[in-house]
Amino acid sequence: MKNTFNIQNLKCGGCANTIITQLSKLEGISEVEVNNETNQVSFDAISDNEIVNVKNKLSDLGYPIEGDANSLPKKAKSFVSCAVGRMTK
């Protein structure tokens, strides 16, 4: 089933690369796409349990779902995730 979330702290292709790489590692998740212009992440998930895992992973990486808490530590994590994504492109 296709899912799309609006996320926070998305800045560039480095962010997108990290998100795609990390979400693709999750079991039951496929077809991960990131749109930097709309701040959206889309993916296919086989069940609701995997959707929860995606939300948690995005938050852990520093890209919480729009409307969720976006604390300073989350913003800082997004910069680290961005840098890692740029280095592994």
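Look up a bit, the structure's there.
The model shown is predicted, which means the values in this text are computed figures rather than measured ones.

Caption draft 1: Region of interest: the packing of helix H1 (residues 13-24) against helix H2 (residues 48-61). Direction vectors running N to C along H1 and H2 enclose 140 degrees, while the axes themselves pass 10 Å from each other. Overall, the two elements H1 and H2 adopt an arrangement that is oblique. In this structure, H1 crosses over H2, and the sense of that crossing is right-handed. For the pair H1 and H2, the contacting residues are Thr18, Ile19, Gln22 and Leu23 in the first and Val54, Lys57, Leu58 and Leu61 in the second. Across the contact of H1 with H2, the residue classes tally to 5 nonpolar, 2 polar and 1 charged.

Caption draft 2: Layout of H1. The end-to-end C-alpha distance of H1, which contains 12 residues, comes to 16 Å, matching closely the 16 Å that a straight helix rising 1.5 Å per residue would cover. Among all positions of H1, only Gly14, Cys15, Ala16, Asn17, Thr18, Ile19 and Leu23 are buried.

Analysis parameters
- Residues numbered from 1 in each chain as written.
- Predicted model: local features only at pLDDT ≥ 70, side-chain atom pairs only at ≥ 80, totals over all residues.
- Heavy atoms only, no water.
- Axes fitted to C-alpha atoms, helices over the stretch in contact; angles between N-to-C directions.
- Helix = DSSP H or I, 4+ residues; strand = E, 2+ residues; numbered from the N terminus.
- Parallel < 35°, antiparallel > 145°, perpendicular 65-115°, else oblique.
- Left-handed = near helix turned anticlockwise from the far one by under 90°.
- Contact = heavy atoms within 4.5 Å.
- Nonpolar A, V, L, I, M, F, W, Y, C, P; charged D, E, K, R; others polar.
- Expected span 1.5 Å × (residues − 1).
- Buried < 20%, exposed > 50% of the residue type's maximum accessible area, 1.4 Å probe, protein only.

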